[in-house]
Amino acid sequence: MKIDFARSVIELTKAEMKEVQNYGSEMYRELMNARRDNPGFRVVEIKAKKVKTPLDKLNMATIKAYVKAHGNPEQKEEFLAISIPHYTEDDIYIEAKSFVEIKKWFLAQFPEYKKAIDDHDTEMKKIFKSVNDKIEAAKAKTARDTCEKANKEAREFLSAS
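Criteria and cut-off values
- Residues numbered from 1 in each chain as written.
- Predicted model: local features only at pLDDT ≥ 70, side-chain atom pairs only at ≥ 80, totals over all residues.
- Heavy atoms only, no water.
- Helix = DSSP H or I, 4+ residues; strand = E, 2+ residues; numbered from the N terminus.
- Rg over C-alpha atoms; globule rule 2.2 N^0.38 Å.
- Contact = heavy atoms within 4.5 Å.
- Areas by Shrake-Rupley, 256 points an atom, 1.4 Å probe, with all protein chains shown as cover.
- Lys, Arg positive; Asp, Glu negative; His and termini not counted.
- Charge placed at Lys NZ, Arg CZ, Asp CG, Glu CD.
- Buried < 20%, exposed > 50% of the residue type's maximum accessible area, 1.4 Å probe, protein only.
- Pairing = 2+ DSSP bridges.
- Phe/Tyr/Trp six-rings, centres within 6.5 Å; stacked < 30°, edge-to-face > 60°.
- Salt bridge = Lys/Arg side-chain N within 4 Å of Asp/Glu carboxyl O.
- 1 Å grid on protein atoms, 1.4 Å probe; cavity = no way out; pocket = protein on both sides within 12 Å on 5 of 7 lines; lining within 4 Å.
- Points joined across faces, edges and corners; volume = space filled by probe spheres on them.
- Nonpolar A, V, L, I, M, F, W, Y, C, P; charged D, E, K, R; others polar.

Novice: Could you give an account of the overall build of the protein chain, naming the residues involved and the relevant values?
Specialist: For the protein chain, the count of helices and strands is six helices and five strands. When its helices and strands are written in sequence order, the protein chain yields β-β-α-α-β-α-α-β-β-α-α. Here the C-alpha radius of gyration of the protein chain, 29 Å, is well above what a compact globule of 161 residues would show, namely 15 Å. Seen along its three principal axes, the alpha-carbon backbone of the protein chain occupies a region of about 105 × 50 × 25 Å. Partitioning the intrachain contacts of the protein chain with sequence separation of at least 6 by distance along the chain shows that 59% fall at a separation of at least 24. Total accessible area on the protein chain is roughly 12900 Å²; 57% of this is exposed by carbon and sulfur atoms. Taking the average place of the 31 positive charges on the side chains of the protein chain and the average place of its 28 negative ones, the gap between the two points comes to 6 Å.

Novice: Could you give an account of the pairing of strand E2 (residues 9-13), with specific residues and numbers?
Specialist: Burial analysis of E2 places four of its five residues in the buried class, the great majority of the element. Taking the residues that link successive antiparallel strands as the turn, the strand E1 (residues 2-4)-E2 hairpin has four residues, and the phi of Ser8 there is positive, at about 55°. With five bridges joining them, E2 and strand E3 (residues 42-46) adopt parallel strand pairing. Its bridge partner lying in E3, Thr13 is registered against Ile46.

Novice: Could you give me a rundown of the packing of aromatic side chains, with the residues and numbers involved?
Specialist: Within a pair of aromatic rings, the relevant descriptors are the distance that separates the centres and the angle that separates the planes. Counting across every chain of the model gives 10 aromatic pairs. Here the aromatic cluster, defined as three or more aromatic residues joined through ring pairs, consists of Tyr66, Phe79, Trp105, Phe106, Phe110 and Tyr113.

Novice: Talk me through the pattern of salt bridges; I want residue IDs and the actual numbers.
Specialist: Any two side chains of opposite charge can pair, so long as their charged atoms come close to each other. Under the counting rule described, the total for this entry stands at nine salt bridges. In this structure, the salt-bridge partner of Asp118 is Lys114, at a minimum N-O distance of 2.9 Å. In this pair, Asp118 and Lys114 both sit in helix H6 (residues 111-159), four residues apart, roughly one turn of the helix. On the basis of relative accessible area, Asp118 is assigned to the partly exposed category, the value being 28%.

Novice: Account for the layout of surface pockets, naming residues and giving values.
Specialist: One simple way to see leftover space: roll a probe sized like a water molecule over the atoms. The space that makes up the largest pocket amounts to roughly 240 Å³. What lines the largest pocket is a set of 13 residues, and nearest its centre among them are Thr53, Pro54, Leu55, Lys57 and Ile117. When the residues that make up the lining of the largest pocket are grouped by side-chain class, the tally is six nonpolar, three polar and four charged.

Rendered as structure tokens:
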């Protein structure tokens, strides 16, 4: 639940909206409290933001290059069979599979690709967390130093009279 004061709305995701419909549920009580605290606010349903994964950027060009570089002959043949429209020996036209199906096949055939991407993403999160922790520590130190300087100046001012 999110309260948008600028628009005077209480925003609920689809799942929260469904939970609110159960009288007496925790979400129901939270919404009633929010409505009491914010009379006149409208309750609106919002779409939950899609969580992006590192594999969302995987495209056909990357799949082709990876299969070409790392696939065995059987995998290369399978890839061609599912990714290129063709005619069978009996002259039956076979369409190429959709990208979603090709991606599913690719990830099943090359699990090491997914593992490498996931490992890289995990490492990047660790690095960014470390950087953010250092930034927060530096901010905290600056705040302490500023406070100590202000206290020192105040004590000096009061003792000089």
